[in-house]
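So you can see what is in the structure, the chains are spelled out below.
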Amino acid sequence: MKNILKLLMLVMLTASLTSCEKIKSWFNVEIDTVIEGQLNLVSSDTELKSAEAFSIDGSVPIDLSDNEDLAEYEDVIEDIKAHSVTLMVVGVDAADVVIHAGSEFSISTPTNPGLNWPIGQDWPIQQGTTVELTADDYSVLNDMLEGDEVVTFAATGTCNVGGVHINLTYEIDVTVEAEAI
């Protein structure tokens with residue numbers, strides 16, 4: 001009888017230890033938020049070989065700690081799922097500016113080439129216009145955002161005006177799962 005009682009206690013202890021992780025996940029919180037930042041592009045003053053093509057280049061680190069919704073959960077984030085990436089023109093200091101087709105936006109880390117979005121057609125730059133950078137699978141972006149490396153949002157390409165400043169806002173719509181505090 002004592003052996004059966006000991007065995008029963010051992011089974012109960014084992015079951016409780018293995019289900020702690022499941023019980024713990026019941027108390028996680030899901031936060032729907034937008035990770036955003038500014039990307040400032042400046043076109044060169046020197047025209048490239050082809051007519052009306054001036055190079056543009058810019059990059060900015062993505063910093064999760066800047067997001068007010070995630071500030072208190074920064075150390076207990078367990079999972080990040082990106083749903084969309086959007087660019088919006090906040091300002092431009094010249095008229096009739098166009099980012100040429102073939103220009104590219106990307107999100108990467110030092111060890112991960114990440115995701116690249118080539119622009120398929122010319123993009124007229126006017127304050128308030130947006131472009132959605134879609135992907136079939138955001139798992140690479142999710143892994144980068146969850147990792148310990150610096151994640152960088154960047155742009156390279158050409159536009160039709162030299163010496164122009166283009167200010168963009170990037171927005172990454174995410175759902176974050178974190179331990180409840």
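In what follows, the structure referred to is the one given above.
This is a predicted model, so every value here is computed, not measured.

*Asks:* Just checking my understanding: could you explain helix 2 (residues 139-146) for this structure?
*Replies:* Two residues of an α-helix separated by three or four positions point the same way, owing to the 3.6 residues in each turn. What helix 2 keeps buried is the set Leu141, Asn142, Met144 and Leu145. Considered in projection along helix 2, the buried side chains sweep an arc of 165 degrees and stay on one side of the axis.

*Asks:* I keep staring at the pattern of salt bridges and nothing clicks. Help me out?
*Replies:* Any two side chains of opposite charge can pair, given that their charged atoms come close. Tallied over the full model, the rule gives one salt bridge. Its salt-bridge partner being Lys81, residue Asp79 comes within 2.8 Å of it at the nearest N-O pair.

*Asks:* Looking at this structure, I do not really get unusual backbone geometry. What am I missing?
*Replies:* With glycine set apart, most residues show a phi of negative sign, and most peptide bonds adopt trans. Positive phi, normally seen in glycine, also occurs at Asp96, with a value near 55 degrees. Within the fold, Asp96 resides in the loop between strand 3 (77-92) and strand 4 (97-99).

*Asks:* What is the right way to look at the nonpolar core in this model?
*Replies:* Nonpolar side chains in soluble globular proteins tend to end up buried together. Formed by 41 residues in total, the largest nonpolar core has its most connected members in Phe105, Ile107, Leu141, Phe153 and Ile172. Broken down by element, the residue count for this core peaks at seven residues, all from strand 10 (residues 165-178). Leu141 has contacts with Ala82, Val85, Ile107, Leu115 and Ile172, leaving out every residue within four places of it along the chain.

*Asks:* I'm lost on a negative patch on the surface in this one. Help?
*Replies:* A cluster of acidic residues, Glu30, Asp32, Glu132 and Asp173, forms a negative patch at the surface. In this fold, Glu30 is placed in strand 1 (residues 29-47). When its relative accessible area of 62% is taken as the criterion, Glu30 is described as exposed.

*Asks:* Quick question: what am I supposed to make of the pairing of strand 3 here?
*Replies:* Looking along a regular strand, one sees the side chains alternate between the two faces of the sheet. Across 13 bridges, the pairing between strand 3 and strand 10 is antiparallel. Bridge assignment links Ile80 to a residue of strand 10, and that residue is Val176. In this sheet, strand 8 (residues 130-132) lies alongside strand 3 in antiparallel orientation, the contact comprising three bridges. Within the sheet, the bridge partner assigned to Leu87 lies in strand 8 and is Val131.

*Asks:* Can you walk me through the pairing of strand 6 (residues 112-118) in this structure?
*Replies:* Where strand 5 (residues 104-109) lies against strand 6, five bridges are found, and the strand directions are antiparallel. Paired with Phe105 across the strands is Trp117, a residue of strand 6. Adjacent in sequence and paired antiparallel, strand 5 and strand 6 are bridged by two residues.

*Asks:* How do you make sense of the environment of Asp137 when you look at a structure like this?
*Replies:* Assignment of secondary structure puts Asp137 in the loop between strand 8 and helix 2. A C-alpha to C-alpha distance of 9.2 Å links Asp137 and His83, two positions 54 residues apart in sequence. Of the polar contacts made by the side chain of Asp137, one reaches the side chain of Ser139; its length is 2.9 Å.

Conventions we followed
Residues numbered from 1 in each chain as written. Predicted model: local features only at pLDDT ≥ 70, side-chain atom pairs only at ≥ 80, totals over all residues. Heavy atoms only, no water. Buried < 20%, exposed > 50% of the residue type's maximum accessible area, 1.4 Å probe, protein only. Helix = DSSP H or I, 4+ residues; strand = E, 2+ residues; numbered from the N terminus. Arc of directions from axis to C-beta. Salt bridge = Lys/Arg side-chain N within 4 Å of Asp/Glu carboxyl O. Core = buried A, V, L, I, M, F, W, Y, C linked by side-chain atoms within 4.5 Å. Contact = heavy atoms within 4.5 Å. Patch = residues over 30% accessible without salt bridge, like charges linked within 9 Å, V, L, I, M, F, W, Y side chains within 5 Å. Areas by Shrake-Rupley, 256 points an atom, 1.4 Å probe, with all protein chains shown as cover. Lys, Arg positive; Asp, Glu negative; His and termini not counted. Charge placed at Lys NZ, Arg CZ, Asp CG, Glu CD. Pairing = 2+ DSSP bridges. Polar contact = N/O pair within 3.5 Å; in protein donor to acceptor, adjacent residues only side chain to side chain.

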